Amino acid sequence: MVDQLPNLGREAEMLAAMGMTSIEELFADIPSEVRMKDDLPLPPPQSEEEILSDARRLLGSNVALGERVSFLGAGLYRNYVPASVFQLVTRGEFLTAYTPYQPEVSQGMLQAMWEFQTLISELVGLPIANLSLYDGSTAAAEALTCSVRVHTRKATQKDTVYVSELTPPDRLSVMQNYCQGAEIKIKLLRHNDDGTLDMDSVSDAVGSCGVYVEQPNPLGLLDGGVTQLKEILGEHTALIVAVQPVSLGLVEAPGHYGADIVVGEGQPLGSPITGGGPIYGIFACSKPYLRLMPGRIVGRSIDVDGKTAYCLTLSTREQHIRRHRATSNICTNETLIALMGAMHMALLGPEGLHDLAVRNMTACIMGKQKLSTIDGVRMPHSSGDHFNEFAIELPGDTKDCLEYLDSVGIVGGFNLSSWYPERTNWMLVTFTDQTQANHIDLLVRHLREWISTLEVAA
Amino acid sequence: MVDQLPNLGREAEMLAAMGMTSIEELFADIPSEVRMKDDLPLPPPQSEEEILSDARRLLGSNVALGERVSFLGAGLYRNYVPASVFQLVTRGEFLTAYTPYQPEVSQGMLQAMWEFQTLISELVGLPIANLSLYDGSTAAAEALTCSVRVHTRKATQKDTVYVSELTPPDRLSVMQNYCQGAEIKIKLLRHNDDGTLDMDSVSDAVGSCGVYVEQPNPLGLLDGGVTQLKEILGEHTALIVAVQPVSLGLVEAPGHYGADIVVGEGQPLGSPITGGGPIYGIFACSKPYLRLMPGRIVGRSIDVDGKTAYCLTLSTREQHIRRHRATSNICTNETLIALMGAMHMALLGPEGLHDLAVRNMTACIMGKQKLSTIDGVRMPHSSGDHFNEFAIELPGDTKDCLEYLDSVGIVGGFNLSSWYPERTNWMLVTFTDQTQANHIDLLVRHLREWISTLEVAA
Amino acid sequence: MSHLFEHNGAKGQGYSQPAPVLPASEITLPSGLIRKALPRWPRLSEPEMVRHYTWLSKRNFGIDTGFYPLGSCTMKHNPRVNEVIAQIPGIADIHPHQPEHHLQGLLSIFHEMQYMLEVCAGMDQVTLQPVAGAQGEFTAVRCIQEYFRLRGEVQRTKVIVPDSAHGTNPASAAMCGFEIVEIPSRTDGRIDLDALRAVADDTIAVMMITNPNTLGLFEEDILEASSIVHGVGGQMYYDGANFNAILGITSPGLMGFDAVHFNLHKTFSQPHGGGGPGSGPIGVKEHLAQFLPGPLVGKRAAAGDELDAAVDENWYHWYQPTHSIGKVQQWHGNAGAIIRCWAYYRRYGRGLRTMSEHAVLNANYLRHAIHKATKEAGVDSLVVDGAEAKVAKHEFTLSLAPAKEAHGISAMDVAKGLLDMGYMAPTVYFPLVVPECMMVEPTETESKDTLDTFATHFAEVLQVDAETLHAAPVTTPVRRVDEVYAARNLCLRHPYDEE
Amino acid sequence: MSHLFEHNGAKGQGYSQPAPVLPASEITLPSGLIRKALPRWPRLSEPEMVRHYTWLSKRNFGIDTGFYPLGSCTMKHNPRVNEVIAQIPGIADIHPHQPEHHLQGLLSIFHEMQYMLEVCAGMDQVTLQPVAGAQGEFTAVRCIQEYFRLRGEVQRTKVIVPDSAHGTNPASAAMCGFEIVEIPSRTDGRIDLDALRAVADDTIAVMMITNPNTLGLFEEDILEASSIVHGVGGQMYYDGANFNAILGITSPGLMGFDAVHFNLHKTFSQPHGGGGPGSGPIGVKEHLAQFLPGPLVGKRAAAGDELDAAVDENWYHWYQPTHSIGKVQQWHGNAGAIIRCWAYYRRYGRGLRTMSEHAVLNANYLRHAIHKATKEAGVDSLVVDGAEAKVAKHEFTLSLAPAKEAHGISAMDVAKGLLDMGYMAPTVYFPLVVPECMMVEPTETESKDTLDTFATHFAEVLQVDAETLHAAPVTTPVRRVDEVYAARNLCLRHPYDEE
Ligand SMILES: Cc1ncc(COP(=O)(O)O)c(C=O)c1O
Ligand SMILES: Cc1ncc(COP(=O)(O)O)c(C=O)c1O
């Protein structure tokens, strides 16, 4: 620890300057009743080398996806992040800064975030983007409360929002937690057997404050119906669309078919999965939502010399000004990860985004082509187009199948029964830019083998 | 490759501005007789991802020492380089700069190198240090030619230097290459059976231009005799001592016992082994050698406002000014690696250097203690003190032994027969700050096992 | 180039990628789903991108570039090995849905972090899920809300928050649907027990406090406050933003709190990254543990067939608290930040107390040094301490009210003057109870020399005439930024040709 | 803190380490060997160290911070993935003495690099051992020396070097013991065939040339020069510093050279690191191959028991050339640099020619743009081209002689003026054949926009009055540095108290 404390060994000198003789005097104001009597029951201090070696041992025992052939996605996508992104984002000036309260010495981060806002705005087709929420789930949750704040006055279904029934329960749970304080009712939108939204069910949502759907949906399906929703819902219900941002290199931007708010897990742009965090939540909206939206936002301004300068703006929405009437409690957000996103987007450029989307989508198409050759594997939504992933129905229990694949070194996919308990034989298989043709062949081979063991057992 | 060429796709526009229509016009001055007729017989361009993946595959197939228990040193020592060193040295301002020809915008590197000179100067106990040579061997070679330049006029053994007979042949070969142009005769100094320098042999060197010895010597031995050499040699013969710099946390600095030039492999301070390069060569000397020494050097100066400023100085010694009368041909050197050294030294501080030396030396002592318990293993120089390493004599062929150890995952040490062909059963075993007690136990156990297989075979 | 969007290289100038596994022509999206026009992103080659972000970084101030005494934010040094650790594939490249036997290393670290935070805070159970302090507050208040719901105490609709509290406290409580009862602080920012007694009744669910408070003073009456709130059946919530002052010396548990959040990015040095990411675990007493968001990490002896994947003799596993409120982040929180904070805590281990001692030593030393330097410079009449207290904790406040009165120099002027001297400015105008406030937190990782020099420079700034200071900063990449202009002329994205 | 040695924390303030495996008391060195006083190194904590070097870095100019048109140095962008690759343990953590079956990956890359350089240079055998261009020159001249020794041509004691050559050329030849015969260049820096003929006789061992030459012009008479030297039995040596101009278009082999060095750090973008490291492989024709320093990497079909450790169907192995001169670096050269350069070459593969085309395109475009901009600004009379040639190759020279004459503005003044505009200055006063010379090499990784802006700024600098320019730079961390003072008042290390 000495390497972190420059004044270790100088205590006496410093205390003497204050006319004191012991550190204890500095804590005289802490009553003895609340004092800790014993040392903390923790291990002794370690040196950098020892910590690193423990970290290597412990984290080394985790199975990193890169060591395996992996088909696990379900909301987080292993993508390649260019080397320059890491090297630039760890520059101390970015890494060790705080929220840019003093804009004069924080122009770098402020401008980078203003550029990030522009990149996201262009990506999703909406004029406004904030500089990140915690993740896709909190972005979705904040979108719901935001839609209620904007629309509930004129809504016929007051304090009510509709959410696709396919929404993963963990995401839905976050929404519920965020919505319960404002007493918002969350109702579910049904889907058809082919995976598409049930348009009758959508009609029920007319007059509510907001409708939340995902495109691609949680099972990877690209649903043409989603582009029709705004027409059905009209202007007094917020259409909230959650996206996999990379898909927007091929798929129409929700802002272009009427979405009022676009949210999403920003992770596939610029960030490794990192066990699910830190990642960043995308939040973009149209003008009517601006003053009731959550999160920080950067504006372009001028300095006293008239020079272009950037600063945080519209902070009267925020907790540090408006306190309990704030549009959100968010303070620390995910700026640095959003910065990685910005860097990745800057490197990709429009055509690069397109290429990346093509790589993801063609890998998925190849997956569909090859998996469809397996006897016993059914594709419930095979009629649609998929991005990154699709559901399959197996001739046996998904848990068994995943364990079998694990035993041959394949991370097989996601067990959909943990989202939809009745679907014990469903599995979500994911393909990304990192998927190679031979990975898919390996999966096919071992799925076949697993199925043959079932047949033997039967 | 497109990501590296900003003007790809803009060729026509740029050519047009020059009144040209094809790239070919820019090469009109290259006669057709010397034109390449065919495309280069090389593979197609690759993307960053593909290159990285090939690099991971190819380099991943190498056996990194960290994957094994290793006792291989013999001039390069695997040490721990603090994390901050890598993060700071790769900052673009350092990494992508060139030699500081324009001092006004290169103060960072200039000052860091001036500080490096001071750190080395203090470390070895001599007033002058340059800002690196290529490696320990070229530093040693340049020290020899430097000693001749300084002393040959008054020397009784003109153009003659003496070098310890233990000097590893690869290092000696570099010296020979550097010395032959100036027609310098390299004679050998003998060693006693206990590994120490033969002092009679040293007397032969009186009147020569320079004497080169290593402390610790190539077999790890710390030789008290080395501290007596200057007295024997007198002022007209340069005493050149090569050091393992970490040892100077415990062992007397050569400058303090009369060395005129200190050289060494800087690598153990700040640099990973990296297959033997880039590393950096230390070169320090006393005043009389200053104007005839090789390499760049930084001086403290002032700017027009009288502010402290740094710049390259004494460049009239160098090839870009003095051309064929230069003291060396060196131009590009190892500045960035020396910077890593400076950072490591700055982090260590005096006590940290001492601690690091203690860790290296006690590991070596433990190695001696434990290996000495093995029947059949002889320690030819056991009476002396060792730093990092010592030689053992085995009851069988070292090559066999190393192969056996390799088969159980141990990088056993260095086969001394490749330096001293007659010593087929000698092995140099190395212990560093990274050596753990259980590593040594493992070595002992497997050496015993190997020896027992010999006995069975016999 | 002044901004990213001025770069517009030829098509395909971006980052080059390997070919797709199938030709793009295999994609047959219906036209309604096909994107018509790609985003108008810039086109940069790698050299241009590297230079752009290097340039931006040089226009940004971080701890690495200078002293950052931003009160309440604990801008301490971020050890570099932690960044190396966070890049190990066993954390960077793992998926939260992998099976437990793929993640024993991660789970064991999570378990160790839960335990460490529990013993440091004197709490019974910690969850690592919340990803920032504010989310921790929200999560804990949600848990307490469910606790009361289950007990049928639905009349508890109010949360008490001192007026000096951080804005996230009332915002988080309001998000849960509570009514906020703001009580005035005393002039030293300390809690006014009478004001508390006046509002304490059985409609109170929670009281939220920071200790040391936002003036950097320890609430000596904290046990009394706790007993008032507990007396009416309410719960005590500890805002852990100032935990750096008391670690190993006292704990929220000993002070009578029922729940607490940690700002790991402050106390345990996850780099702040220009505004995030953070990590905001919460700890609670036994009676609240069943309401925490899940899953939590438990451990039990490893079974024989588990030993292969185990990291020690234990098996670490996820489990759900029985009455869990559900989730507040979809995954397992900011795992990457937690790993860094684990590496940070390991450096100190049981010696964490030393960290807090030095944080408090440095703060008091700097407070002393500033008063000494201003006295020696004869400008001590221009600045007074924000509180009359012999000792501060890890931060302290100054009031520039006298300077304002005498010379028209505001706290903001002094802040901008300090920027010109190469410092980040302390927090200004917070807390509001101190007029023309500057809130100074040096942290334990600043050297005595830095503190001495800062004190001298602070005194120097006070000697600058008002006109010059109003014009400060002059040495920064831009000069004083017009925040009103920004709000009046909203420009939240590059306007392209629309300007 | 203005320098490292002002940091003097308490004892043990450095980087903390694990305990040694045995107590220090086990060390029993005789007193004569024990160090009496530790070096007077500074004592810094990690936060202080990080801030110190961050601060220093901010006072340094690199390619990442701005345009770096330093002629002859090829300051191109350094792709970032190469740095990631160089940190892979399979290169960073390997020892040159490991057995071949531990290093098949490394050896295969070395083999590929030997091959790639051979085909690019039109040579028969490459060694990667020399660690810089100058060492490459030395090594090649040594090989030629041994070649002649073996042939008994000991009368060849001279090396011809044009007066425009880089200083390392004569220095390297002199180190080998050769006498230097300097021949004058023509005014365009090109070789004077008559001057060459005048000195060419059977005492000549080698002629060393760069092509394109130091003025950036292609030596159109190169075949004639080669045949003159070969005619008297001498060898032709190609200084590869300017290889970036011709890769894939022509080759030293086609031009009649017998030996060549590569500055991998220039052409193949090992970052220059403030002065190094570099890598200076050499290539030679068949007749010289046996003299190369060893070991070289060869390949053969892998045997059955080797396939486990093999990276493909081949076995890569070290071998010694029969008449090897021995070694010039103790290990295998700068392996870490070679790996980076391998990664660099792989980006282009057979498309390396495009790289050279763009290097030449950019240089000619910039040359054109500067003349256009100075013309438009009406200051074209102040600067003329260093050579009368329709096209330059990858660099070009300008002469500020008219500016000097007309206004007393020297090349150095213009250089310093450019620093004030945020650029690294071009190389100045080299080559000497151009009066008041500036040597400009933009490289292929600069955008057209950067070149255009630089041209405009260049013209602007020429419009600044002489007095102002003499005082430049004013915006840099320090102003014009007194190099004479430095040499007269030698201060080569921190003086401690001795000052
Ligand atoms: C006192 C206090 N409480 C709560 C918070 C909110 O924490 P976070 O920013 O991590 O959400 C802060 C952050 O600045 C704080 O200073
Ligand atoms: C023309 C020329 N030749 C040779 C060299 C020497 O190469 P190095 O610096 O790699 O030793 C240089 C380096 O600047 C050069 O420009």
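Being a predicted model, the structure only gives us computed values, none of them experimental.

Novice: I keep staring at the overall build of chain A and nothing clicks. Help me out?
Specialist: Scanning chain A for helices and strands turns up 13 helices and 16 strands. Dimensions of chain A along its principal axes, counting C-alpha atoms only, are 85 × 55 × 50 Å. Taking all 458 residues of chain A together, the buried fraction comes to 70%. Within chain A, counting contacts between residues at least 6 apart in sequence, those at least 24 apart form 71% of the total. Surface exposure of chain A reaches about 13500 Å², of which carbon and sulfur atoms provide 51%. Here chain A carries 34 positive and 55 negative side-chain charges, and the mean point of each set is 6 Å from the other.

Novice: Please explain the interface of chain C and chain A as it appears in this structure.
Specialist: It is common to give the size of an interface as the accessible area lost on bringing the parts into contact. In this complex, chain C contributes 206 residues to the contact, which on the side of chain A involves 192 residues. Both faces combined, the contact of chain C with chain A buries some 16900 Å², and carbon together with sulfur accounts for 62% of it. Across the chain C-chain A interface, the total number found is 13 salt bridges. Between R78 of chain A and D93 of chain C there is a salt bridge, with its nearest N and O atoms 2.7 Å apart. Viewed at the interface, chain A and chain C are joined by 96 residue pairs in polar contact (both at pLDDT 80 or more). Broken down by element, the side of chain C that touches chain A gets its largest block of residues, twelve residues, from helix 12 (residues 352-376) of chain C. Taken together, the residues of the side of chain C that touches chain A sort by class into 106 nonpolar, 62 polar and 38 charged.

Novice: Is there a simple way to think about the domain arrangement of chain C in this case?
Specialist: Residue and element names in this part refer to chain C. In terms of domain boundaries, chain C breaks down into domain 1 (80-349) and domain 2 (352-486). Its C-alpha centre places domain 1 at a distance of 31 Å from the equivalent point of domain 2. Each side of the interface is counted separately: domain 1 has 30 residues, and domain 2 has 23 residues. Considering only the side of domain 1, the residues that lose the most area to domain 2 are L215, N244 and Y348, jointly responsible for 29% of the buried surface there. Across the domain 1-domain 2 interface, the total number found is zero salt bridges. In this assembly, domain 1 and domain 2 are joined by eight residue pairs in polar contact (both at pLDDT 80 or more). Secondary structure elements with two or more residues in the side of domain 1 that touches domain 2: helix 4 (104-121) and helix 11 (335-348). Broken down by element, the side of domain 1 that touches domain 2 gets its largest block of residues, three residues, from helix 11. Broken down by class, the residue content of the side of domain 1 that touches domain 2 amounts to 16 nonpolar, twelve polar and two charged.

Novice: Help me understand the interface of chain B and chain D, please; the structure alone is not making it clear to me.
Specialist: Tallying the contact residues gives 192 residues for chain B and 206 residues for chain D. When the buried area of chain B at its contact with chain D is split by residue, Y98, E104 and R323 of chain B rank highest and sum to 5% of it. Summed over the shared surface of chain B and chain D, the result is 13 salt bridges. Here K393 of chain D makes a salt bridge to D29 of chain B, at a shortest N to O gap of 2.8 Å. In this structure, the connection of chain B to chain D is made through 96 residue pairs in polar contact (both at pLDDT 80 or more). The greatest single-element share of the side of chain B that touches chain D, amounting to 26 residues, is contributed by helix 11 (residues 335-371) of chain B. Residues of the side of chain B that touches chain D, tallied by class, amount to 100 nonpolar, 54 polar and 38 charged.

Novice: Sorry, what's going on with unusual backbone geometry here?
Specialist: Negative phi values dominate among residues other than glycine, just as trans dominates among peptide bonds. P278 of chain A follows G277 of chain A through a cis peptide bond whose omega is -5°. Position of P278 of chain A among the secondary structure elements: in the loop between strand 8 (261-265) and strand 9 (281-285). A cis geometry characterises the amide bond from G276 of chain C onward to P277 of chain C, with omega recorded as 10°. By the secondary structure assignment, P277 of chain C is in the loop between helix 9 (264-267) and strand 7 (282-284). At A74 of chain B, a position not held by glycine, the phi torsion is positive, near 60°. Mapped onto the elements of the fold, A74 of chain B is located in the loop between strand 1 (69-70) and helix 3 (83-89).

Novice: Can you walk me through the environment of I409 of chain D in this structure?
Specialist: Residue and element names in this part refer to chain D. Mapped onto the elements of the fold, I409 is located in the loop between helix 13 (401-407) and helix 14 (411-420). Taking relative accessible area as the criterion, I409 reaches 1% and is therefore assigned buried. For the pair I409 and Y147, spaced 262 residues apart in the sequence, the C-alpha separation amounts to 50 Å. Not counting chain neighbours up to four residues away, the residues in contact with I409 comprise L400, A403, K404, V414, L462, V464, A466 and L469.

Novice: Looking at this structure, how should I read the site of ligand 2?
Specialist: Close contacts around ligand 2 come from 15 residues, with T332 of chain B together with S72, G133, D239 and K266 of chain D the closest. Residues near ligand 2 are shared among chains B and D, making this a multi-chain site. For ligand 2, an oxygen atom lies 2.7 Å from a polar atom in the backbone of G133 of chain D. In the model, an oxygen atom of ligand 2 is placed 2.7 Å from a nitrogen or oxygen of the H265 of chain D side chain.

Novice: Quick question: what am I supposed to make of the pairing of strand 5 (residues 210-215) of chain A here?
Specialist: Residues in a regular strand point their side chains to alternate faces of the sheet. All names here are of chain A. Where burial is concerned, most of strand 5 is hidden: six out of the six residues are buried. Covered by surrounding structure in strand 5 are G210, Y212 and E214 together with V211, V213 and Q215, the residues of both alternating faces. The pairing of strand 3 (residues 160-164) with strand 5 spans three bridges and is classified as parallel. From the neighbouring strand, V161 faces strand 5, where its bridge partner is G210. Strand direction decides the pairing type here: strand 5 and strand 7 (residues 238-243), joined by six bridges, are parallel.

Scoring rules and cut-offs
- Residues numbered from 1 in each chain as written.
- Chains lettered and ligands numbered in written order.
- Predicted model: local features only at pLDDT ≥ 70, side-chain atom pairs only at ≥ 80, totals over all residues.
- Heavy atoms only, no water.
- Helix = DSSP H or I, 4+ residues; strand = E, 2+ residues; numbered from the N terminus.
- Buried < 20%, exposed > 50% of the residue type's maximum accessible area, 1.4 Å probe, protein only.
- Contact = heavy atoms within 4.5 Å.
- Areas by Shrake-Rupley, 256 points an atom, 1.4 Å probe, with all protein chains shown as cover.
- Lys, Arg positive; Asp, Glu negative; His and termini not counted.
- Charge placed at Lys NZ, Arg CZ, Asp CG, Glu CD.
- Buried area = accessible area lost by both parts, 1.4 Å probe.
- Salt bridge = Lys/Arg side-chain N within 4 Å of Asp/Glu carboxyl O.
- Polar contact = N/O pair within 3.5 Å; in protein donor to acceptor, adjacent residues only side chain to side chain.
- Nonpolar A, V, L, I, M, F, W, Y, C, P; charged D, E, K, R; others polar.
- Domains from an automatic or database assignment.
- Near = heavy atom within 4 Å.
- Pairing = 2+ DSSP bridges.

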